[in-house]
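Reading the structure
Letter by letter, the chains look like this.
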Amino acid sequence: MTTEYTAIATDTKTRELTPRSSLVVLGAILSLSVSGGPLLASTQGVFMIPITTEFGWDRAQVTLAGLIGGILSAIALPFVGAAIDRWGIRRVVPIGIVALGINLALLSIVPAVLLIYLLAFGVTGLTATAQGPASYIRTLSRWFDRNRGLAIGVAISGLALGQIFVPQYALWFVTNYSWRIAYLGLAVLVVVVALPAVLFMIRDPKPGEVAAVEKPGAANVDLPGLTGRQALSTARFWILVVSIALVAMTVQGALVHIVPLAIDSGWDPVAATSLIGIAGLASVVGRLGGGFLYDRLHAPYVGAGVFIIGAVGVGLLAVGGSPVVAAIAIGITAGAETDLMAFLSSRYFGIRSLAQVNGFLFAAFNLSVPIGIYVLGAGYVASGSSYTSTLAIFAGGLVAAAVLVLFMPRQYNFPVLRESRRRPARNAA
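Residues numbered from 1 in each chain as written. Predicted model: local features only at pLDDT ≥ 70, side-chain atom pairs only at ≥ 80, totals over all residues. Heavy atoms only, no water.

Some words on the overall build of the chain
What counts here: Helical segments are the DSSP runs of H or I of at least four residues, strand segments are the runs of E of at least two, and each set is numbered from the N terminus. Note on exposure labels: buried denotes an accessible area under 20% of the residue type's maximum, exposed denotes more than 50%, and partly exposed covers the range between, all computed with a 1.4 Å probe on protein chains only. When charges are counted, Lys and Arg are positive and Asp and Glu negative, with His and the chain ends excluded. Note on charges: their place is set at NZ of Lys, CZ of Arg, CG of Asp or CD of Glu.
Within the chain one finds 17 helices and 2 strands. Taken over 429 residues, the chain has a buried fraction of 60%. Separation between the mean location of the 27 positive side-chain charges and that of the 17 negative ones in the chain comes to 9 Å.

Written as structure tokens, this is what we have:
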């Protein structure tokens with residue numbers, strides 16, 4: 001299979017960072033700070049003990065809800081991506097934001113019936129599908145080419161900011177009111193912050209507004225890149241899927257359970273929850289540092305190194321090492337991982353169907369996160385209230401992901417514009 005990559009722009013030195021493109025990045029930061037990751041995955045550790053205490057369930061049962069949400073989200077993501085490719089971000093994402101707010105509010109009235117709780121949380125995860133990184137990467141990639149890795153890293157740092165303040169925000173409500181009121185607080189937060197950001201700050205570039213690799217006024221079919229079906233037929237897509245799934249399962253699973261793990265070790269709940277904030281700060285370093293390096297070095301090599309850092313962090317938790325050091329190491333990996341996936345998808349598959357391609361990739365990511373959370377919870381129960389053996393296996397999974405990502409091809413199919421002019425088509429298989 002071959003794909004022609006034609007550089008249309010004549011001025012490759014046109015400034016990418018303008019007031020309008022900066023507004024797009026800022027809008028993405030704000031919106032992603034209250035996306036599904038911070039609102040659902042990052043707060044599961046905050047809600048886990050209050051819910052299990054009130055309802056008498058174990059941790060494996062509670063974390064099963066996230067798995068159901070991940071499955072539903074994984075099914076929906078490629079369709080949401082295809083809709084964004086066709087109609088644009090402003091016509092799709094606001095619907096998801098409103099639906100997510102409604103379902104978060106409904107979680108506040110869930111009864112003590114496990115099946116109803118699982119279904120309610122699962123549907124909430126489904127409605128969070130549009131309000132995630134995959135929805136924003138295509139728009140960011142159209143505004144930025146030479147500095148795409150850094151732009152994506154800065155924008156998706158909104159996830160890290162949300163990881164820092166959203167759990168503390170939820171914990172304040174849990175401590176002073178109840179976990180039910182906390183879910184109402186989250187519902188208000190996502191609508192108040194994300195909806196204005198998407199409606200008034202984020203949009204695709206207008207014809208002639210950027211020096212991009214597309215024809216002015218081009219339809220989606222004229223944009224450089226593979227279709228979703230073509231991307232799925234390449235080996236590099238599946239290498240990326242497996243490596244990202246391994247990292248998502250292990251790193252995100254460890255981040256959710258680091259709070260109850262620390263509490264079990266004698267930490268105060270507030271101090272234990274602060275570990276998520278520490279990991280969030282570290283993830284900002286991972287995102288910005290990773291994005292900077294992805295633009296300048298071969299990104300899979302950088303990614304492999306980042307995955308090894310995560311393996312060290314998870315290994316520390318397995319052997320009873322410092323939770324703070326572990327949170328920093330795991331946070332760096334968590335920050336750089338999604339940026340790596342977004343950057344590589346744009347360079348190997350182009351921007352023609354990038355939202356749909358990222359929909360498939362984030363489907364694997366979103367499914368892997370609750371699997372990791374559930375497996376750690378189930379391992380804790382099965383081993384008699386211990387995370388040790390499961391965390392050791394997770395550390396090995398990160399090493400495997402580091403090795404696997406090194407098999408990504410050395411040459412990108414859709415490199416930076418200034419590097420691609422007059423280059424012949426490359427094989428995309």
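Observations regarding the environment of Ala 329
Convention followed: It only takes one pair of heavy atoms within 4.5 Å for two residues to be counted as in contact.
In this structure, Ala 329 sits in helix 14 (residues 323-349). Between the C-alpha atom of Ala 329 and that of Asp 58, which follows or precedes it by 271 residues, the distance is 29 Å. With residues near it in sequence (within four places) discarded, Ala 329 still touches Ile 309, Gly 310 and Gly 313.

Comments concerning the nonpolar core
This is how the line gets drawn: Take the buried Ala, Val, Leu, Ile, Met, Phe, Trp, Tyr and Cys residues and link them wherever side-chain atoms come within 4.5 Å; each set so joined is a nonpolar core.
The biggest cluster of nonpolar side chains holds 133 residues, and the ones touching the most others in it are Leu 39, Phe 47, Leu 104, Tyr 117, Tyr 136 and Leu 391. In terms of residues, this core owes the most to one element, helix 11 (residues 235-264), which gives 16 residues.

Comments concerning the packing of helix 4 (residues 59-87) against helix 5 (residues 89-107)
A packed helix pair is summarised by two numbers, namely the angle formed by the two axes and the spacing between the axes. Note the following rule: Each axis is a line fitted through C-alpha atoms, and for a helix only the stretch in contact is used; angles between axes span 0 to 180 degrees, taken between their N-to-C directions. For this classification, under 35 degrees means roughly parallel, over 145 means roughly antiparallel, 65 to 115 means roughly perpendicular, and everything else is oblique. Following the grouping adopted for this structure description, the nonpolar residues are Ala, Val, Leu, Ile, Met, Phe, Trp, Tyr, Cys and Pro, the charged ones are Asp, Glu, Lys and Arg, and the polar ones are all others, Gly among them.
Between helix 4 and helix 5, whose axes approach to 7 Å, the crossing angle comes to 140 degrees. Comparing the axis directions of helix 4 and helix 5 gives the class oblique. Along its contact with helix 4, which presents Val 80, Ala 83, Ile 84 and Trp 87, the element helix 5 presents Ile 89, Arg 91, Val 92 and Val 93. In terms of residue class, the contact of helix 4 with helix 5 is built from 7 nonpolar, no polar and 1 charged.

Some points on unusual backbone geometry
Although it is not a glycine, Ser 385 sits at a positive phi angle of roughly 70 degrees. Residue placement: Ser 385 occurs in the loop between helix 15 (354-382) and helix 16 (388-405).

Let's talk about a nonpolar patch on the surface
Applicable threshold: Patch criteria: residues need more than 30% relative accessible area and no salt bridge. Like-charged residues are merged within 9 Å; nonpolar side chains of Val, Leu, Ile, Met, Phe, Trp and Tyr are merged within 5 Å. Residue exposure ignores everything except the shown protein chains as possible cover, and the areas themselves are Shrake-Rupley values with a 1.4 Å probe. In the sections that follow, a salt bridge refers to a side-chain nitrogen of Lys or Arg positioned within 4 Å of a carboxyl oxygen of Asp or Glu.
A cluster of nonpolar residues, Ile 308, Val 312, Val 399, Val 403 and Phe 407, forms a patch on the protein surface that exposes about 450 Å² of accessible area. Looking at the nonpolar patch, the elements with two or more residues in it are helix 13 (299-318) and helix 16. On the secondary structure map, Val 312 appears in helix 13.

Some points on the packing of helix 11 against helix 14
In plain terms, the rule: Crossing handedness follows the turn of the near helix against the far one: under a right angle anticlockwise gives a left-handed crossing, and clockwise gives a right-handed one.
Axis separation between helix 11 and helix 14 bottoms out at 10 Å; the angle between their running directions is 155 degrees. Relative to helix 14, the element helix 11 is oriented roughly antiparallel. Of the two possible hands of crossing, helix 11 and helix 14 adopt the one that is left-handed. Contact with helix 11, carried on its side by Arg 236, Phe 237, Leu 240, Ile 244, Val 247, Ala 248, Val 251, Gln 252, Ala 254, Leu 255 and Ile 258, involves Pro 323, Ala 327, Ile 330, Thr 333, Ala 334, Glu 337, Met 341, Leu 344, Tyr 348 and Phe 349 of helix 14 and no other residues of that element.

What about empty space enclosed by the protein?
This is how the line gets drawn: With a 1 Å grid laid over protein atoms only, a set of points is called a cavity when a 1.4 Å probe fits there but cannot get out and a pocket when it is open yet has protein on both sides within 12 Å along at least five of seven lines; lining residues have an atom within 4 Å of a point. Grid points are joined across faces, edges and corners, and a volume is the space filled by probe spheres set on the points.
For the coordinates displayed, the defined rule picks out 8 cavities of 30 Å³ or more. Its volume calculated, the largest cavity comes out at about 580 Å³. For the largest cavity, the lining is made up of 34 residues, of which Gly 36, Gly 37, Ala 41, Phe 365 and Asn 366 are closest to its centre. Elements with a contribution of two residues or more to the lining of the largest cavity: helix 2 (36-41), helix 4, helix 6 (114-127), helix 8 (148-176), helix 11, helix 14 and helix 15.

Section: the confidence of the model for the chain
Keep in mind that low pLDDT regions are not for reading the predicted coordinates in detail. To keep it simple, the criterion reads: Per-residue confidence from the predictor is reported as pLDDT, a score between 0 and 100.
Of all residues in the chain, 91% have pLDDT values of 70 or greater, and the mean over the chain is 87. Predicted confidence for residues 1-13 stays below pLDDT 50, and this span has 39 contacts to residues more than four positions away or in other chains. Confidence drops under pLDDT 50 across residues 419-429; counting only partners more than four residues distant or on other chains, this segment forms 30 contacts.

Observations regarding the pattern of salt bridges
Summed over the entire model, instances satisfying the criterion amount to 7 salt bridges. The closest approach of N and O atoms between Arg 180 and Glu 54, which form a salt bridge, is 3.3 Å. Taken together, the residues Arg 180 in helix 9 (residues 179-200) and Glu 54 in helix 3 (residues 44-55) connect sequence positions 126 residues apart. The exposure class of Glu 54 is partly exposed, given its relative accessible area of 44%. The structure contains a network of salt bridges with shared partners spanning Asp 85, Arg 138, Arg 142 and Asp 204.

Observations regarding the side chain of Ser 141
Turning to its location among the elements, Ser 141 is positioned in helix 7 (residues 134-143). Here Ser 141 falls in the buried class, since its relative accessible area comes to 2%.

Brief notes about the environment of Thr 390
Examined against the element boundaries, Thr 390 turns out to sit in helix 16. Note: C-alpha distance between Thr 390 and Leu 376 (14 residues apart in sequence) is 6.3 Å. Aside from chain neighbours lying at most four places away, what touches Thr 390 is Val 375, Leu 376 and Gly 379.

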